[in-house]
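Residues per chain are reported as follows:
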Amino acid sequence: MPSLFDELSVGQVAERSGVAVSTLHFYESRGLIRSRRNAGNQRRYTRDTLRHVAIIRVAQRVGIPLETIGDALSQLPEGRPPTLADWTRLSRNWRAELDARIEQLTRLRDQLTDCIGCGCLSIERCRLRNPSDKLAAEGPGPRRLVKKKR
């Protein structure tokens, strides 16, 4: 059991991590971080929560969905801060997703001035005309620029 000196209040975690208290509550509601309640029913976080919040923020910054982040964090051992080896494993697992997103963004950037990818016929100079709206069979949205999920 951690001593009082090993634990931080929600305000301390917010100040040290640069994340709003409401965001910490949200992360906790999604199971991304954990706290315990003291005798006064106040949240108390172990110090490793700071590193978990850092991982969450970095992963969010590069576009990793919270569900994916939660799955990754659930694989970390409890009771100790994530190590460099833990971070290396997590980031390696996210690499393919990030590479796919980079590829998609590159395609979007390169085609942005010519096509919005929706297959509409309203742009007179469209290189990717979609006669008879054949792309509709592939699903909604900008089909030429959004890859199908498998």
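Preceding block: the structure.
So, a few notes on the structure that sits alongside this text. If you're wondering where the values come from, they're calculated on a predicted model, not measured in any experiment.

Some thoughts on the environment of Val13
- Within the secondary structure, Val13 is located in helix H1 (residues 10–17).
- In this structure the C-alpha to C-alpha distance between Val13 and Leu50, which are 37 residues apart in sequence, comes to 6.6 Å.
- With residues up to four places along the chain from it excluded, the contact list for Val13 reads Leu8, Gly18, Leu24, Tyr45, Thr49 and Leu50.

Focus on the pattern of salt bridges
- Taken as a whole and judged by the stated rule, the model has 7 salt bridges.
- Between Asp86 and Arg80 there is a salt bridge whose closest N-O contact spans 2.6 Å.
- Classification of Asp86 by relative accessible area gives buried; the value is 5%.
- Across the pair Asp86 and Arg89 runs a salt bridge, and its minimum N-O distance is 3.5 Å. Note that Asp86 and Arg89 are positioned in helix H5 (residues 84–111) at a spacing of 3 residues, about one turn of the helix.
- Here Arg89 falls in the partly exposed class, since its relative accessible area comes to 28%.

Brief notes about the packing of aromatic side chains
- Counted by the stated rule, this structure contains 2 aromatic pairs.
- Measuring from ring centre to ring centre gives 6.4 Å for Phe26 and Tyr27, while their planes differ by 50 degrees; the resulting arrangement is tilted.
- Taking relative accessible area as the criterion, Phe26 reaches 37% and is therefore assigned partly exposed.
- Judged by its relative accessible area of 1%, Tyr27 is buried.
- Judged by centre distance (6.0 Å) and plane angle (75 degrees), the ring pair of Trp87 and Trp94 falls under edge-to-face.

About the cut-offs
Residues numbered from 1 in each chain as written. Predicted model: local features only at pLDDT ≥ 70, side-chain atom pairs only at ≥ 80, totals over all residues. Heavy atoms only, no water. Helix = DSSP H or I, 4+ residues; strand = E, 2+ residues; numbered from the N terminus. Contact = heavy atoms within 4.5 Å. Salt bridge = Lys/Arg side-chain N within 4 Å of Asp/Glu carboxyl O. Buried < 20%, exposed > 50% of the residue type's maximum accessible area, 1.4 Å probe, protein only. Phe/Tyr/Trp six-rings, centres within 6.5 Å; stacked < 30°, edge-to-face > 60°.

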